[in-house]
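# Breakdown of the fold
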Amino acid sequence: MVLDAPQHPHPFRNLIELTYHLTLIWQQASVQLFYFIQGFILQTETEITADARVIAAGISQEFRHFVEATLDRLVADGFVENQDRQIMFVRLVGEIAVRTRSWHGDFGIPYKPAMGWYEEAIKVVEEFFFLYGTAKFRSVRQQSPIGFLDGRGLQKTPIEEISKAKFFATLDRDLPFLKDIENSLQVNPAPTTAHELMMLELQRMLTKSPNRLDATNRRGRIVASAAIVIYTQGFQKLRMASIAKQAGVSTATLYRLYPTNWDLYQAAYGLGVSIYLAWLERDIQAANPLVEFTHYTSVFFEVFFDVQSKNAWSLDQLRGEPSEIVQMQRFSEIKVQLEGLTWQKRFAKLYAEGYIKEPPSWDMIHTFQGPTSIIIILFMRDGLAALPRSSWFEESWRITDEFFQIYGTPHFHAMRKKMNWDAALETHRAKIT
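Bear in mind the structure is a predicted one, so any value in this text is a computation, not a measurement.

A few words now on the nonpolar core. By size, the foremost hydrophobic cluster in this structure holds 126 residues, and its most contacted members are Trp26, Ile222, Leu254, Leu271, Phe347 and Phe403. When residues in this core are grouped by element, the largest group, 13 residues, is from helix α14 (residues 261-280).

Okay, structure coming up:
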């Protein structure tokens, strides 16, 4: 399907056609189902996992070579700078994946652009050429009658306004442990990793209350016990009798509160989601915006490349029974809305400080998260090794730098030079050395 991408003699138009072609493919239900199954196989240790990784990696490499061949032609013709192909691939394909595969795979619902998917492809290619286009490309573009393909003036997809009171009431209902975990993060010393946070919070919840009638503590111990099994061993190892024993309750009490494995699993999954969301949405205070946003990206890498994180997220792979689908839709809506609120707040702060040139939008979120998304997808669902060129901090710094190249204001660039914000990267490199 990918190899059938239409060709066009104009370099800008040709890349748009390829990008649009990929968006159409990656939105198809059959393709999404293929990636769900492949991701499940790759992240579940069975007798076929090793062979599956080899097959999936081979297909992924073939796809990457196809895209890079298109980039090679642009470089050979003098339209694109001769830079690292992996970085260019991640930038281009990441912005496609974050709008399609990531929304379906991580959020479970489709992304709806403000205009259409062809216009969305134009915006993706616009940013790619902004970063990598040569003087020759800009000259040819000005001379060619393709003004309608200018992505700079296209409408951005806004972050929809929601009723915050209603949303947070939904959070309290569907993720009842989230607020307590967020409070714990605020009052206690910050853990260094998501794994450390996970284990600290689960151990805290397992602590028995002196009050034997404390129903909240009893529920917390049961759910934490189940979450530990899921996180460390996978959901296949969940056994009601052993959970009751670890939580210090009778099996009768356990079945009264959680009548089925699915009820307990759903609660434990909600706890795992709550811990990860609290960690991923945690803001940091940094005077240097490059450091702040590099942190936000590196946290995603750290979480999803943790060897046990796949267990905590394993319910994402279960979408067969109607009850499971309904539950996934509920969590998906929460993730979308929380994602929008979190990034809206972070980008609004940059905008108020005069560091970025326009208000927050989903386009802005996709520009920032696209490279991160495809790197994680290639590992989690495509079987490719996740190895940074130097460190994940430097990979995150580069992604952040590209974002500010696209959205940064003259004020940002002046402050970057005046305050020597890039010294933070050199400090990190010195520590590594």
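Having seen the model, we can carry on.
Turning to the environment of glutamate 68, a few remarks are in order. Among the secondary structure elements, glutamate 68 is positioned in helix α3 (residues 49-76). When the C-alpha positions of glutamate 68 and methionine 115 are compared, they lie 28 Å apart, and in sequence the two are 47 residues distant. In this structure, glutamate 68 is in contact with Arg85, Gln86 and Phe89, ignoring residues within four places of it in sequence.

This next bit is on the pattern of salt bridges. Scanning the model with the defined rule gives 27 salt bridges in all. Here arginine 204 and glutamate 201 are joined by a salt bridge, their closest N and O atoms 2.5 Å apart. Residue arginine 204 and its partner glutamate 201 are located together in helix α10 (residues 194-206), separated by three residues, close to a single helical turn. Its salt-bridge partner being arginine 398, residue glutamate 395 comes within 2.7 Å of it at the nearest N-O pair. In this pair, glutamate 395 and arginine 398 both sit in helix α19 (residues 392-407), three residues apart, roughly one turn of the helix. Neither glutamate 395 nor arginine 398 differs from the other in exposure class; each is buried. Each member of the salt-bridge network shares a partner with another, and the members are Arg91, Glu95, Arg99, Glu120, Lys123, Asp363, Glu395, Arg398 and Glu402.

Counting across every chain of the model gives 30 aromatic pairs. A centroid spacing of 6.0 Å and a plane angle of 90° characterise the contact between tyrosine 296 and tryptophan 343, whose relative ring orientation is edge-to-face. Residue tyrosine 296 is located in helix α15 (residues 289-304), and its partner tryptophan 343 is located in helix α17 (residues 322-352); the two are separated by 47 residues in the primary sequence. The same class applies to tyrosine 296 and to tryptophan 343, which are both buried. Their ring planes at 25° and their centres at 5.2 Å tell us that phenylalanine 347 and phenylalanine 403 sit as a pair that is stacked. Taken as a pair, phenylalanine 347 in helix α17 and phenylalanine 403 in helix α19 lie far apart in primary sequence, 56 residues in all. Residue phenylalanine 347 shares its accessibility class with phenylalanine 403, and that shared class is buried. Ring pairs connect the aromatic residues Phe293, Tyr296, Trp343, Phe347, Tyr355, Phe368, Phe403, Phe404, Tyr407, Phe412 and Trp421, which therefore count as one cluster. Residue placement shows arginine 64 over the ring face of phenylalanine 89; its charged tip is 5.8 Å from the ring centre. Sitting over the face of the ring of tryptophan 279, arginine 282 holds its NZ or CZ atom 4.4 Å from the ring centroid.

Cut-offs and rules
Residues numbered from 1 in each chain as written. Predicted model: local features only at pLDDT ≥ 70, side-chain atom pairs only at ≥ 80, totals over all residues. Heavy atoms only, no water. Core = buried A, V, L, I, M, F, W, Y, C linked by side-chain atoms within 4.5 Å. Buried < 20%, exposed > 50% of the residue type's maximum accessible area, 1.4 Å probe, protein only. Helix = DSSP H or I, 4+ residues; strand = E, 2+ residues; numbered from the N terminus. Contact = heavy atoms within 4.5 Å. Salt bridge = Lys/Arg side-chain N within 4 Å of Asp/Glu carboxyl O. Phe/Tyr/Trp six-rings, centres within 6.5 Å; stacked < 30°, edge-to-face > 60°. Lys NZ or Arg CZ within 6 Å of the ring centre and 35° of its normal.

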